[in-house]
Amino acid sequence: KCGSPEHLKVQRRRSACSKLGPDAISEGGIASMFKRAMEMDRYKPRVLNDDPWVLQFDEFLSAEEAAEVLRVGGHSFKPSLTGNSDSGSFA
């Protein structure tokens, strides 16, 4: 943790975390955050992996919202190369 004796030893070798502020999430908080995200039924979340956590939100944007994102700034969007949702395989 920031400010711990272990961290004070490490901060001599790199910038101090005090510049970044306190930790955003405490120990165990990531799993708790993802579990809460799984309760967001309106977005239809699916767990693709839980170590590390990877969620997919099948209904994150409506068709109209997605069209607006593409209209405003999606001129160079390309499909991700990290996975293939058609085959279900992911890198």
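1. Some words on the overall build of the protein
Regarding its fold elements, the protein presents three helices and four strands. Within the protein, the fraction of its 91 residues that count as buried is 11%. If you take every contact in the protein between residues at least 6 apart in sequence, the share linking residues at least 24 apart comes to 4%.

2. A look at helix H2 (residues 29-37)
Those residues of H2 lying buried are Gly 29, Phe 34 and Ala 37. Projected down its long axis, H2 shows its buried positions confined to an angular sector of 135°, all on one face. Turning to H2, the residues buried within the fold contact strand S1 (45-50) and strand S2 (53-57).

3. Some points on the confidence of the model for the protein
In the predicted model, the protein carries a mean pLDDT of 79, and the fraction of residues at 70 or more is 69%. The secondary structure element of the protein with the lowest average pLDDT is strand S4 (residues 89-90), at 58, and the one with the highest is S1, at 94.

4. Focus on the pairing of S1
By the bridge criterion, five bridges tie S1 to S2 in an arrangement that is antiparallel. For Asp 50, the partnering residue across the bridge sits in S2 and is Trp 53. Once S1 ends, the chain turns through two residues before running back antiparallel as S2.

5. A few points about the packing of aromatic side chains
For any pair of aromatic rings, the description rests on two quantities: the centre-to-centre distance and the angle between the ring planes. Enumeration according to the criterion identifies four aromatic pairs in this entry. Seen in terms of ring centroids, Phe 34 and Trp 53 are 5.2 Å apart; in terms of plane orientation they differ by 10°. Their pairing is stacked. With Phe 34 in helix H2 and Trp 53 in strand S2, the pair connects residues that are 19 residues apart, well separated along the chain. For Phe 34, a relative accessible area of 17% corresponds to the buried category. The exposure class assigned to Trp 53 is partly exposed, which follows from its relative accessible area of 23%.

6. Some remarks on unusual backbone geometry
Omega for the peptide link from Asp 51 to Pro 52 comes to 5°, which places this bond in the cis form. Assignment of secondary structure puts Pro 52 in the loop between S1 and S2. Despite not being glycine, Lys 44 shows a phi value in the positive range, around 50°. Within the element layout of this structure, Lys 44 appears in the loop between H2 and S1.

What counts, and at which threshold
- Residues numbered from 1 in each chain as written.
- Predicted model: local features only at pLDDT ≥ 70, side-chain atom pairs only at ≥ 80, totals over all residues.
- Heavy atoms only, no water.
- Helix = DSSP H or I, 4+ residues; strand = E, 2+ residues; numbered from the N terminus.
- Buried < 20%, exposed > 50% of the residue type's maximum accessible area, 1.4 Å probe, protein only.
- Contact = heavy atoms within 4.5 Å.
- Arc of directions from axis to C-beta.
- pLDDT = per-residue confidence, 0-100.
- Pairing = 2+ DSSP bridges.
- Phe/Tyr/Trp six-rings, centres within 6.5 Å; stacked < 30°, edge-to-face > 60°.

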